[in-house]
Amino acid sequence: MLPDTSSKLGTPTIALHWIVAMMMLMMLATGIYMEQTAAYALYPWHKSFGVLIALFVVLRVLWRWQNGWPTPVRNYLPWERILSGIIHYLLIIGTVIMPVSGFMMSALGGHGVALFGLELVARNPDPVNPQEVLPLHAPLAGIAHTVHGLAGYGLVACVLLHIAGALKHHILDKDGTLRRMLGASV
Ligand code: HEM
Ligand code: HEM
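To keep things clear, this report deals only with the structure shown in the data block. (Residues numbered from 1 in each chain as written. Chains lettered and ligands numbered in written order. Predicted model: local features only at pLDDT ≥ 70, side-chain atom pairs only at ≥ 80, totals over all residues. Heavy atoms only, no water.)

Observations regarding the site of ligand 2
- Every one of the 20 residues lining ligand 2 counts as a neighbour, but His-17, Arg-60, Arg-64, His-162 and Arg-180 are closest to it.
- A distance of 2.9 Å separates an oxygen atom of ligand 2 from a polar atom in the side chain of Arg-180.
- Elements with a minimum of two residues in the shell around ligand 2: α1 (11-37), α2 (43-67), α3 (78-108), α4 (138-172) and α5 (177-181).
- Ranked by residue count, the leading element in the shell around ligand 2 is α1, at 5 residues.
- When grouped by side-chain class, the residues that make up the shell around ligand 2 number 11 nonpolar, 6 polar and 3 charged. (Near = heavy atom within 4 Å. Polar contact = N/O pair within 3.5 Å; in protein donor to acceptor, adjacent residues only side chain to side chain. Helix = DSSP H or I, 4+ residues; strand = E, 2+ residues; numbered from the N terminus. Nonpolar A, V, L, I, M, F, W, Y, C, P; charged D, E, K, R; others polar.)

Following this line, the structure appears as structure tokens:
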């Protein structure tokens, strides 16, 4: 039930994978949309879900640390093993970098961060023009902003490759990799 075996994945692996996966897909899509269209009404939602996702990410990283990675359902070819291993690492690192850089960019940029209305870091209004904000640390906020953008687009590429890999296993190789992540015994 809890630990992963080569024929069946444990509930924590499956639940954490799909909760984080669905939230990350939603966050990548809303992040790119709001950044390109200046949809400011979405910003508080994006920040709140971003902070929330970090809690699941911490649980997931701890679970992977404790349990190692799931063993493959069959003997993958060396290139499959290496490529999927690298992508899994990049995906999990990406899920850590995105909330951390987003939080730093907003907090240090003076914009503040709230979790569904609960203030975590206060906005820092400009005393001369309170509509605007003053950064708490402009250079670090700028670096965090760049990291958030670059890592975001890098993550989109990794996710696309990851989904293509899952479909390759299911459709071309006809092995149980995807069915196992959906809860089946293979
Ligand atoms: C948890 C996962 C997260 C993902 C996958 C994510 C993804 C993204 C992406 C892809 C963009 C567009 C980046 C660009 O084109 O420069 C973006 C923008 C943004 N994100 Fe996130 N984000 C996450 C968490 C957060 C958090 C926790 C915060 C703040 C507390 C945050 C604040 C923002 C803001 C303010 C923007 C707009 C930046 C701008 O207008 O230039 N994000 N996000
Ligand atoms: C529709 C989207 C997705 C599908 C169909 C999918 C499918 C899968 C499958 C079948 C595995 C098992 C691989 C194996 O047994 O070797 C897996 C593992 C994994 N996936 Fe996804 N995935 C999706 C989205 C995502 C997203 C968005 C992320 C992160 C941003 C992600 C991160 C991971 C990681 C880190 C693993 C390694 C095992 C684990 O930590 O649970 N996946 N995925």
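Some details on the environment of Leu-160
- Inspection of the secondary structure puts Leu-160 in helix α4.
- Distance from Leu-160 to Pro-99, taken between C-alpha atoms, is 20 Å for residues 61 residues apart in sequence.

Some words on α3
- Taking 1.5 Å of rise per residue, 31 residues should cover 45 Å, and α3 covers 44 Å from first to last C-alpha, within 8% of that figure.
- Among the residues trailing α3, Gly-110 stands out with phi positive, at a value near 90 degrees. (Expected span 1.5 Å × (residues − 1).)

Quick look at the coordination of the iron atom of ligand 1
- In the first shell of the iron atom of ligand 1, the protein supplies His-46 (NE2) and His-148 (NE2), at 2.0 to 2.1 Å from the metal.
- Coordination at the iron atom of ligand 1 is octahedral: its 6 donor atoms span angles of 86 to 180 degrees at the metal. Taken as a pair, His-46 in helix α2 and His-148 in helix α4 lie far apart in primary sequence, 102 residues in all. For the residue pair His-46 and His-148, the accessibility class agrees, reading buried in each case. (Donors = N, O, S within 2.8 Å, 3.2 Å for Na, K, Ca; no water. Tetrahedral: all angles 85-135°; square planar, octahedral: opposite > 155°, others 65-115°. Buried < 20%, exposed > 50% of the residue type's maximum accessible area, 1.4 Å probe, protein only.)

Some thoughts on the site of ligand 1
- Lining the immediate environment of ligand 1, one finds 24 residues, of which Tyr-43, His-46, Ile-53, His-145 and His-148 sit closest.
- A distance of 3.2 Å separates an oxygen atom of ligand 1 from a polar atom in the side chain of Glu-35.
- A distance of 2.8 Å separates a nitrogen atom of ligand 1 from a polar atom in the side chain of His-148.
- When contributions to the shell around ligand 1 are tallied by element, the ones reaching two or more residues are α1, α2, α3 and α4.
- In terms of residue count, α1 provides more of the shell around ligand 1 than any other element does, 7 residues in total.
- The class makeup of the residues in the shell around ligand 1 is 14 nonpolar, 8 polar and 2 charged.

Examining the coordination of the iron atom of ligand 2
- Taken together, the protein donors to the iron atom of ligand 2 comprise His-17 (NE2) and His-162 (NE2), at separations of 2.0 Å.
- Taken together, the 6 donor atoms coordinating the iron atom of ligand 2 and their angles of 86 to 178 degrees define a geometry best described as octahedral. Taken together, the positions of His-17 in helix α1 and His-162 in helix α4 put the pair 145 residues apart, joining distant regions of the chain.
- Looking at His-17, the relative accessible area reads 12%, which means it is buried.
- According to the relative accessible area criterion, His-162 is partly exposed, its value standing at 25%.

Re a nonpolar patch on the surface
- Nonpolar side chains collect at one region of the surface, where Trp-69, Tyr-89, Ile-93, Val-96, Ile-97, Val-100, Met-104, Leu-140, Ile-143 and Val-147 lie side by side and expose about 810 Å² of accessible area between them.
- Mapped onto the nonpolar patch, the elements with two or more residues apiece are α3 and α4.
- Ranked by residue count, the leading element in the nonpolar patch is α3, at 6 residues.
- The class of Val-100 is partly exposed, set by a relative accessible area of 45%. (Patch = residues over 30% accessible without salt bridge, like charges linked within 9 Å, V, L, I, M, F, W, Y side chains within 5 Å. Areas by Shrake-Rupley, 256 points an atom, 1.4 Å probe, with all protein chains shown as cover. Salt bridge = Lys/Arg side-chain N within 4 Å of Asp/Glu carboxyl O.)

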